[in-house]
Amino acid sequence: MIRRLLPATVLAVAAVTVVTTGPAEARACKHGHACATIFYSDSTRTTVVGEKYEGCDGSVDMWGVRSGYQDFYESPC
């Protein structure tokens, strides 16, 4: 019984690890607002590694990489 449970347990742990270590998603921008999300390399927020900008016209520009360390700015159009 334990021989059958071990591979299943290892597979389950690996699946949870893969799902929870993906890049963080930026907050959704409200309709009628312009939004900017700044992504940083670590919790000190000193090195910018990417940015996502959503304009009032619905355009989206992004450069760099997403990370779990971010600041989100929103302003009405």
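Just above, that's the structure.
Keep in mind it's a predicted model, so treat the numbers as computed, not measured.

Reading the values: the criteria
- Residues numbered from 1 in each chain as written.
- Predicted model: local features only at pLDDT ≥ 70, side-chain atom pairs only at ≥ 80, totals over all residues.
- Heavy atoms only, no water.
- Disulfide = S-S within 2.5 Å.
- Helix = DSSP H or I, 4+ residues; strand = E, 2+ residues; numbered from the N terminus.
- Buried < 20%, exposed > 50% of the residue type's maximum accessible area, 1.4 Å probe, protein only.
- Pairing = 2+ DSSP bridges.
- Axes fitted to C-alpha atoms, helices over the stretch in contact; angles between N-to-C directions.

Novice: How would you summarise the state of the cysteines if you had to cite specific residues and measurements?
Specialist: Think of a disulfide as a covalent bridge from one cysteine sulfur atom to another cysteine sulfur atom. Overall, the coordinates contain two disulfides when judged by the stated rule. Paired by a disulfide, C29 and C35 hold their sulfur atoms 2.0 Å apart. Taking the sign of the S-S torsion, 80 degrees for the link of C29 and C35, the bridge is right-handed. Between the sulfur atoms of C56 and its disulfide mate C77 the distance is 1.9 Å. Given an S-S torsion of about -105 degrees, the disulfide between C56 and C77 has left-handed geometry. Here C56, found in the loop between β2 (48-54) and β3 (60-64), pairs with C77, found in the segment after β4 (69-76); they are 21 residues apart in sequence, far enough to count as distant. Residue classification places C56 among the partly exposed residues on the basis of a relative accessible area of 47%.

Novice: An account of the sheet that holds β4 is requested, with residue identities and associated values reported.
Specialist: Whenever strands of a sheet pair, they do so through backbone hydrogen bonds, lying parallel or antiparallel. Within the open sheet, the four strands sit side by side as β3-β2-β1-β4. Their pairing is antiparallel. A strand with exactly one partner marks an edge of an open sheet, and here the two such strands are β3 and β4. Strand-to-strand twist of the sheet, defined as the mean angle between neighbouring strand axes without regard to direction, takes the value 10 degrees. As paired elements, strand β1 (residues 33-40) and β2 share six bridges and run antiparallel to each other. By the bridge assignment for β2, I38 is matched with E51.

These figures come from the coordinates and say nothing about function on their own.
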